[in-house]
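Structural description and commentary
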Amino acid sequence: MIAVRLICVGKLKERFYQDACAEYVKRLGAYCRLDICELPEEAGRPDGLRREGVRVLESIPAGAYVIALCIEGETMSSEQLAGRLSALQTRGVSRIALVIGSSEGLDPAVKQRADLRLSMSPMTFPHHLARVMVLEQLYRALSIAAGAKYHK
């Protein structure tokens, strides 16, 4: 079973986001070992984005395939994401780190470290909503790869 670390800058405060995330965390237990790492947001502080980036880079597990969520990243369908994750597992990748930045985005050093820059849409979303969306898409992709019926 693949290990996934979701690295998020910023803490979920709204109950509705927490509840939605909890539901997908529960569902993902059938497909991966999920670990969510919340890091403090330093938006608006001098050098805040760089400091967030340092913490993100320190939180990436050794040997992990890193997917950075950023608007300028590659777009793909749920089926394409499922195929990418399956191909990684076939190649022997056992750890994936997904990174969601703060309201100010991701430090360039994090984007440079990423093995894949992924965009969910050219539209801008609140980064807390992005966490729900990433968990849902991860669940959808892993269920597609497993041949489950959720995607239909």
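If you check an unreviewed UniProt entry, the chain appears there as Ribosomal RNA large subunit methyltransferase H from Candidatus Ventrousia excrementavium. If you open the UniProt record of the chain and go to Subunit (unreviewed entry), you find "Homodimer." According to the UniProt record, the Catalytic activity (unreviewed entry) comment for the chain is "pseudouridine(1915) in 23S rRNA + S-adenosyl-L-methionine = N(3)-methylpseudouridine(1915) in 23S rRNA + S-adenosyl-L-homocysteine + H(+)".

Its identity as a non-glycine residue notwithstanding, D47 has a phi of 65°, on the positive side. By the element assignment, D47 lies in the loop between strand 2 (32-39) and helix 2 (48-59). Judged by its relative accessible area of 42%, D47 falls in the partly exposed class.

Moving on to helix 2. Here helix 2 spans 17 Å end to end across twelve residues, near enough to the 16 Å set by a 1.5 Å rise per residue. Where helix 2 is buried, its residues touch strand 1 (2-9), strand 2, strand 4 (95-100) and helix 4 (108-113).

For the rest of this paragraph, the subject is the environment of R33. Secondary-structure assignment places R33 in strand 2. The class for R33 is partly exposed, based on a relative accessible area of 48%. As a C-alpha pair, R33 and R95 span 62 residues in sequence and 9.4 Å in three-dimensional space. Every residue in contact with R33, bar those within four places of it in the chain, is listed here: M1, I2, A3 and V4.

This brings us to the nonpolar core. Judged by nonpolar contacts, the single largest core of 32 residues is most densely connected at I67, L85, I96 and L98. Those elements giving two or more residues to this core turn out to be strand 1, helix 1 (15-28), strand 3 (65-74), helix 3 (78-90), strand 4, strand 5 (116-118) and helix 5 (127-146). Among the elements that line this core, the one with the most residues is helix 5, at eight residues. Once you skip the residues sitting within four places of it in the chain, L85 turns out to touch I67, I96, L138, A141 and L142.

Rules and cut-offs
Residues numbered from 1 in each chain as written. Predicted model: local features only at pLDDT ≥ 70, side-chain atom pairs only at ≥ 80, totals over all residues. Heavy atoms only, no water. UniProt positions renumbered as here; feature names shortened; annotations may be inferred. Helix = DSSP H or I, 4+ residues; strand = E, 2+ residues; numbered from the N terminus. Buried < 20%, exposed > 50% of the residue type's maximum accessible area, 1.4 Å probe, protein only. Expected span 1.5 Å × (residues − 1). Contact = heavy atoms within 4.5 Å. Core = buried A, V, L, I, M, F, W, Y, C linked by side-chain atoms within 4.5 Å.

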